[in-house]
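Descriptive structure summary
For reference, the chains in residue letters:
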Amino acid sequence: ESQLDEPVASLSGGWKMRVVLAKLLLQKADFYLFDEPTNHLDIVAQEWFLQFLKTAAFGFMIVCHDRYFLNELCTTIFELDPALYYALGTGEKSTAKMYAGNYTTYEIQKEHDLALLESAFKTQQKDLKQKMETIDRFRASASKGKMAQSMLKAVEKIERIEMPPKPSSIHFTFPPIVQPGRLVLQVHNVAQSFGAKQIFHNVNFEVERGKKVALIAPNGVGKTTLFNIIAGKLPVQTGSVEMGHNVKAVVFDQDQTAALKLEKTMLENLYEAHQNILEQKIRAFAGSFLFGSDDLAKKVKVLSGGEKNRVGMIKVLLQQANVLLLDEPTNHLDISSKDILLRALQTYQGTIIFVSHDHDFVSKLATDIIELSADGVSLYPGNYELYLYRKRQMESQQNPVKQKPERSGKKQKSEPAVDRNDAGALERTIEK
């Protein structure tokens, strides 16, 4: 209630997005066009929005780079691909195709279609080779020269099946890093206020070497503020933040437009940050992030938001740091680029502390979850799905629902008890 009279300019990016969505949804339209509606929304708001759309009476088309969102929500995937597809059975080429089902179903179906396409391509190539061999033999015969010419014209009219280019194989070889001590970060009794308003207090936690820790909190709780304190971009008002022995930390900023030198080329930006690394190594690593030689000569100012993020991430990953502090590393990235980044970070041998609102990315990268609230933090060992399971368990214990007795008098089958301290048992229960 107190926020309703506040100027929009004072709100965070996540709260501004909530205002925009509220304005749209209150119009009660028959059909909506959503362009990246989950950008800047925290995971809590995303989950609410997802459940709302699942039960909504209206139709919609959505552009979204969140695999989890597309899997949970969409019943049809419409793909645009710059690589020409050959429509089997129609003899027509198209850069678009409709798939029934969610995103995972689309991936399976597309792989199946490409296998059929490759089979048809090989069959056609074999047939064309045989026809050309026959034409060449007929050309050598004076009596069959006209027949050869006629056959050649027929072959030239055949619609050729074209295979889309195969994705490049991606391998990551990181520069060696110096191993830090067991504890890479200690946060003790940290509190933060803006004027008279206290954002959070009593923040205490430690991060051990090799962990990949996701920092989770709803919009407005101070997640970005805490991240900036850890990164040294904001002073510590109360308490202490200490990096461990031999720690070399590097920060990936959410706004890469401000972090990169826009008037310089991609290669110049990367080489300035890594003058001790051979240019060939930089080019090879850039290639792993789908940048070709021609791309490296482009000025950063002409790049898309996703391309700037990929350049910024290459700068970070090549700095031989043993601790990465990543603020929304998947912003502006499409799903294939996110997959590349995820594979790189899963391969990375150091410690990662990151903020992300991408459900799928957090689930596949985080080994531990730190949940921030106004009264401090809670540490949840295990991945994001395990964190959600434990949250639901705690909520059900705090708000027990009395079950109505069955009229038949038969005893209900109960699920086997699960030890909440046994992470393996919890994960097996989730998989069921």
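These numbers were taken from a predicted model, which means no experiment stands behind them.

A few words now on the nonpolar core. The biggest cluster of nonpolar side chains holds 46 residues, and the ones touching the most others in it are Phe289, Leu317, Leu324, Leu326, Leu345, Phe354 and Ile369. Apart from residues no more than four positions distant in its own chain, Ile369 is found in contact with Ala214, Ile216, Val362, Ser378, Leu379, Tyr380, Gly382, Asn383, Tyr384 and Tyr387. Core analysis: the second largest hydrophobic core is formed by 24 residues, Ile199, Val207, Leu226 and Phe227 among them.

The antiparallel open sheet is built from three strands, whose spatial order is β6-β5-β8. At either end of the open sheet lies a strand with only one pairing partner, and these are β6 (197–208) and β8 (238–243). Looking at each pair of strands side by side, their axes are set apart by 15° on average, direction ignored. Judged from the five bridges that link them, strand β5 (residues 183–194) and β8 form a sheet pairing that is antiparallel. Residue pairing in the sheet places Val187 in a bridge with Val241 of β8.

Let's shift gears to the pairing of β5. Pairing geometry for β5 and β6, over eight bridges, is antiparallel. Residue pairing in the sheet places Leu185 in a bridge with Val207 of β6. The turn linking β5 back onto β6 is made up of two residues, and Gly195 within it adopts a positive phi angle of 65°.

Looking now at the side chain of Asp42. Within the fold, Asp42 resides in the loop between β1 (31–35) and α2 (43–55). A relative accessible area of 0% places Asp42 in the buried class. At a separation of 2.6 Å, a polar atom in the side chain of Asp42 contacts the side chain of Arg18. Sequence-distant contacts of Asp42, that is, excluding residues within four places in its chain, are made with Arg18, Ala217, Pro218, Asn219 and His357.

Glancing now at the pattern of salt bridges. For the coordinates displayed, the defined rule picks out 22 salt bridges. For Arg67, the salt bridge is made with Asp360, and the minimal N-O distance between the two is 3.6 Å. Of this pair, Arg67 sits in helix α3 (residues 67–73) while Asp360 sits in helix α13 (residues 359–365), and the two are 293 residues apart along the sequence. Classification of Asp360 by relative accessible area gives buried; the value is 15%. Residue Arg283 is joined to Glu279 by a salt bridge in which the shortest nitrogen-to-oxygen separation is 3.0 Å. Of this pair, Arg283 and Glu279 both sit in helix α9 (residues 279–288), four residues apart, which is roughly one turn of the helix. Among the residues examined, Arg283 registers a relative accessible area of 32% and is labelled partly exposed. Relative accessible area serves as the criterion here: at 36%, Glu279 is assigned to the partly exposed category. Within this structure, Arg67, Glu107, Asp339, Asp360 and Lys364 form a network of salt bridges that share partners.

The next point concerns the environment of Leu226. One can find Leu226 in helix α6 (residues 223–230). The buried category is assigned to Leu226, whose relative accessible area is 0%. Spatially, the C-alpha atoms of Leu226 and Val236 are 9.4 Å apart, while their sequence positions differ by ten residues. Those residues in contact with Leu226 that sit more than four places away from it in its chain are Phe200, Val203, Phe205, Leu215 and Leu372.

Between helix α8 (residues 266–273) and helix α11 (residues 305–317), the least distance of the axes is 9 Å, while the angle of their chain directions is 20°. If you check the angle between α8 and α11, you find them roughly parallel. Helix-helix and strand crossings are classified by hand; for α8 and α11 the assignment is right-handed. Along its contact with α8, which presents Met266, Asn269, Leu270 and Ala273, the element α11 presents Val311, Ile314 and Lys315.

Across its 37 residues, helix α4 (residues 103–139) extends 52 Å between first and last C-alpha, which sits within 8% of the 54 Å expected from 1.5 Å per residue. The N-cap of α4, judged by a side-chain oxygen 3.3 Å from the amide nitrogen of Thr104 a few residues on, is Asn102.

On to the side chain of Asn331, then. Looking at the element boundaries, Asn331 is found in the loop between β10 (323–327) and α12 (335–347). With a relative accessible area of 11%, Asn331 lands in the buried category.

In the structure shown here, the tally under the stated rule is 14 aromatic pairs. Seen in terms of ring centroids, Tyr32 and Phe34 are 5.4 Å apart; in terms of plane orientation they differ by 5°. Their pairing is stacked. Looking at Tyr32, the relative accessible area reads 5%, which means it is buried. Phe34 sits in the buried class, given a relative accessible area of 4%. Centre to centre, the rings of Tyr99 and Tyr106 are 5.0 Å apart; their planes meet at 75°, and the pair counts as edge-to-face. What makes Tyr99 buried here is its relative accessible area of 3%. Given the relative accessible area of 8%, Tyr106 is considered buried. Taken together, Tyr32, Phe34, Trp48, Phe49, Phe52, Phe58, Phe60 and Phe69 form an aromatic cluster joined through their ring pairs. The positively charged end of Arg18 is found above the aromatic ring belonging to Trp15, 4.2 Å away from the centroid. Taking NZ or CZ as reference, Arg310 lies 4.2 Å from the ring centre of Phe291, over its face.

Across the protein, the average pLDDT comes to 85, with 89% of residues at 70 or higher. The least confident element of the protein is helix α15 (residues 423–431), whose mean pLDDT is 51; the most confident is strand β11 (residues 351–355), at 96. Low pLDDT (under 50) marks residues 406–421, which in the prediction has 13 contacts with non-local residues, meaning those over four places away or in another chain.

Cut-offs applied
Residues numbered from 1 in each chain as written. Predicted model: local features only at pLDDT ≥ 70, side-chain atom pairs only at ≥ 80, totals over all residues. Heavy atoms only, no water. Core = buried A, V, L, I, M, F, W, Y, C linked by side-chain atoms within 4.5 Å. Buried < 20%, exposed > 50% of the residue type's maximum accessible area, 1.4 Å probe, protein only. Contact = heavy atoms within 4.5 Å. Pairing = 2+ DSSP bridges. Helix = DSSP H or I, 4+ residues; strand = E, 2+ residues; numbered from the N terminus. Axes fitted to C-alpha atoms, helices over the stretch in contact; angles between N-to-C directions. Polar contact = N/O pair within 3.5 Å; in protein donor to acceptor, adjacent residues only side chain to side chain. Salt bridge = Lys/Arg side-chain N within 4 Å of Asp/Glu carboxyl O. Parallel < 35°, antiparallel > 145°, perpendicular 65-115°, else oblique. Left-handed = near helix turned anticlockwise from the far one by under 90°. Expected span 1.5 Å × (residues − 1). Phe/Tyr/Trp six-rings, centres within 6.5 Å; stacked < 30°, edge-to-face > 60°. Lys NZ or Arg CZ within 6 Å of the ring centre and 35° of its normal. pLDDT = per-residue confidence, 0-100.

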